[in-house]
Amino acid sequence: MCNNVVMVHRLRSLCRLQRIQGHMMSTQVEAEVLLEKVGRAGVITINRPKVLNALNLPMIRQIYPQLKKWENDKETEIVIIKGAGGKAFCAGGDIRAVTEAGKAGDPLAEDFFREEYILNNAIGACKKPYIALIDGITMGGGVGLSVHGRFRVASEKTLFAMPETAIGLFPDVGGGYFLPRLRGKLGLFLALTGFRLKGRDVQRAGVATHFVESKKIPDLEKELVDLKSPSAEDVSRVLESYQNQSSLDSEKPFVLDKHMSDIDRLFSGSSVEGIVQNLKADGSEFANKQAETLARMSPTSLKITFKQLQAGAALSLPDVLVMEYRLSQACMRGCDFYEGVRAVLVDKDQSPKWNPSTLEEVSEQTMEQCFSSLGEKDLTF
């Protein structure tokens, strides 16, 4: 009898161990991107919820060829991209991996930006309706996966920002294209300060095309997938109907409404120094707050960003991405990016030591070097 009890216990322990091992193995091999064909839709799910769906190079290398394949496939009418886990669409690129690579002179620091920008351009040029469900945190690399597509659906859970100047980078992934095309000086304001937009305001700013309540998004996705040979107009009609059913926060004004004329006035300087002067001279609570924010950012990043948006306003998306690739490699050669990542993401002491530490010390020559051609290493499509 005793022996039987011992055997049962051992068997149970063994089963439990196998279950645990099986679970560990299944979590280890869980795909970081799910690529599925559902009806006549190609569906991309960014599947790294534990790290807020941060985008890495292996994911880019899965998404790009699949997107091109679906674009040329007669059986695929639309492409939908979404994030798993309910918190984030994609909170950005895998910056830590890029930092380590940059320090070690590893080619990842070139490959990541090159292939990410090639994917951004493919999304912008996609001939099929491309629908990004940005239901959650959408920053940096996540903006690049969504903003150049034809349709961007925000929800009350959407949090949008381009916070790169705080880590010694610049709002890349085509930020030089879409930001200067927002109304007035709004794009420049968002780019320099990293200001966060939430929910319906993401659409009001022009970053999203539609607003749909988060709980309605699964139904919206099902309706899109069930469409028979949909045109862009059909997709638009479905999105409009869901938007019309979403009245959440509709009575609240745009968060920057009362500041838009101030933003247009204060951020219309001919240089970053000019903008800072405007803010200090204005002296209002809003202006002081923005001046304080800019004082914390990398001076080199601020100057790069200002010039990037100025140039980008008159360029096509591919040309902007060629420019941004040059800038990304300039940041990899510099020191502010590594220092910014250390202060914000690694040590989290939030006190980066920028070099140079003032706007005045960032020379015109430095700027020219950042924007100059990389010759045969330039980005090509």
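Residues numbered from 1 in each chain as written. Predicted model: local features only at pLDDT ≥ 70, side-chain atom pairs only at ≥ 80, totals over all residues. Heavy atoms only, no water.

## A few points about the overall build of the chain
Helix and strand counts for the chain come out as 17 helices and 10 strands. What you see for the chain is a C-alpha radius of gyration of 23 Å, in line with the 21 Å of a compact globule of 381 residues. Counting all 381 residues of the chain, 52% fall into the buried class. When contacts within the chain are restricted to residue pairs at least 6 apart in sequence, long-range pairs at least 24 apart make up 75% of them. Counting every atom, the chain has about 17800 Å² of accessible surface; 53% of that belongs to carbon and sulfur. (Helix = DSSP H or I, 4+ residues; strand = E, 2+ residues; numbered from the N terminus. Rg over C-alpha atoms; globule rule 2.2 N^0.38 Å. Buried < 20%, exposed > 50% of the residue type's maximum accessible area, 1.4 Å probe, protein only. Contact = heavy atoms within 4.5 Å. Areas by Shrake-Rupley, 256 points an atom, 1.4 Å probe, with all protein chains shown as cover.)

## Thoughts on the sheet that holds strand 5 (residues 130–134)
Taken in spatial order, the six strands line up as 1-2-3-5-7-10 in an open sheet, and their pairing is mixed. On the outer flanks of this sheet lie strand 1 (33–38) and strand 10 (210–211), each paired with one strand and no other. Sheet analysis places strand 5 next to strand 7 (residues 151–154), joined by four bridges and oriented parallel. Looking across to strand 7, one finds that L133 is bridged to V153. Sitting on the sheet, helix 2 (residues 57–71) touches strand 1, strand 2 (41–46), strand 3 (78–83) and strand 5, and the angle it makes with strand 1 is about 20°. (Pairing = 2+ DSSP bridges. Axes fitted to C-alpha atoms, helices over the stretch in contact; angles between N-to-C directions.)

## Focus on the packing of aromatic side chains
The tally for this structure, following the rule as stated, stands at eight aromatic pairs. An angle of 90° between the planes, with centres 5.4 Å apart, marks the rings of F189 and F267 as edge-to-face. With F189 in helix 7 (residues 186–193) and F267 in the loop between helix 11 (260–266) and helix 12 (272–282), this pair connects stretches of sequence that are 78 residues apart. One exposure class covers both F189 and F267, and it is buried. Clustering of aromatic rings is evident, with ring pairs tying together F112, F113, Y117 and Y325. Residue placement shows R181 over the ring face of Y177; its charged tip is 3.9 Å from the ring centre. The ring of F371 is capped by K307, whose NZ or CZ atom sits 4.9 Å from the centre of that ring. (Phe/Tyr/Trp six-rings, centres within 6.5 Å; stacked < 30°, edge-to-face > 60°. Lys NZ or Arg CZ within 6 Å of the ring centre and 35° of its normal.)

## Quick word on the pattern of salt bridges
One pass over the structure, following the stated rule, counts 23 salt bridges. Across the salt bridge formed by R265 and D282, the nearest N and O atoms sit 3.2 Å from each other. With a gap of 17 residues between them, R265 in helix 11 and D282 in helix 12 connect regions that are remote in the sequence. Here the salt bridges do not stand alone but share partners, grouping E339, R342, D347 and D349 into one network. (Salt bridge = Lys/Arg side-chain N within 4 Å of Asp/Glu carboxyl O.)

## Observations regarding the packing of helix 2 against helix 4 (residues 108–125)
A packed helix pair is summarised by two numbers, namely the angle formed by the two axes and the spacing between the axes. As a packed pair, helix 2 and helix 4 sit with axes 10 Å apart at the nearest point and diverge in direction by 25°. In terms of orientation, helix 2 and helix 4 fall into the roughly parallel class. Helix 4 is crossed by helix 2, and the crossing has left-handed handedness. Contacts between helix 2 and helix 4 involve L57, I60, R61, I63, Y64, L67, K68 and E71 on the former and, on the latter, L108, D111, F112, E115, E116, I118, L119, A122, I123 and A125. (Parallel < 35°, antiparallel > 145°, perpendicular 65-115°, else oblique. Left-handed = near helix turned anticlockwise from the far one by under 90°.)

## Some remarks on the packing of helix 14 (residues 299–312) against helix 17 (residues 364–371)
Their axes nearest at 11 Å, the elements helix 14 and helix 17 cross at an angle of 60°. Taken together, helix 14 and helix 17 sit at an angle that is classed as oblique. Crossing of helix 14 over helix 17 shows right-handed handedness. The residues of helix 17 that touch helix 14, namely those facing T300, K303, I304, K307 and Q308, are E364, M367, C370 and F371. Tallied by class, residues from the contact of helix 14 with helix 17 come to four nonpolar, two polar and three charged. (Nonpolar A, V, L, I, M, F, W, Y, C, P; charged D, E, K, R; others polar.)

## A word on the side chain of T165
Along the chain, T165 falls in the loop between strand 8 (159–161) and helix 6 (175–178). Discounting residues that sit within four places of it in the chain, T165 has contacts with A191, L192, M297, S298, S301, L302, T305 and W354.

## What about helix 16 (residues 336–346)?
Along helix 16, the residues classified as buried are D336, F337, Y338, E339, G340, V341 and A343. Looking at the buried residues of helix 16, the elements they touch are helix 3 (95–104), helix 14 and helix 15 (317–333). In the stretch just after helix 16, K348 is the one whose phi turns positive, near 55°.

## Digging into unusual backbone geometry
A cis amide bond links N355 to the next residue, P356, at an omega of 0°. In the Ramachandran plot, N53 falls in the positive-phi region, its phi being about 60° despite a non-glycine side chain. You can see N53 is positioned in the loop between strand 2 and helix 2. Relative accessible area serves as the criterion here: at 0%, N53 is assigned to the buried category.

## Examining the nonpolar core
In this structure, L145, F160, L186, L256, F267 and F337 are the most contacted members of the largest nonpolar core, which totals 90 residues. By residue number, the principal contributor to this core is helix 15, which donates 10 residues. Excluding its chain neighbours within four sequence positions, the residues that come into contact with L186 are A205, F254, L256, M260, I263 and D264. (Core = buried A, V, L, I, M, F, W, Y, C linked by side-chain atoms within 4.5 Å.)

## Overview of the sheet that holds strand 9 (residues 197–198)
Taken in spatial order, the four strands make up an open sheet running 4-6-8-9, and their pairing is mixed. One side of each edge strand has no neighbouring strand; the edge strands of this open sheet are strand 4 (88–90) and strand 9. The pairing of strand 6 (residues 137–139) with strand 8 spans three bridges and is parallel. Across the sheet, residue T138 finds its bridge partner in strand 8, namely F160.

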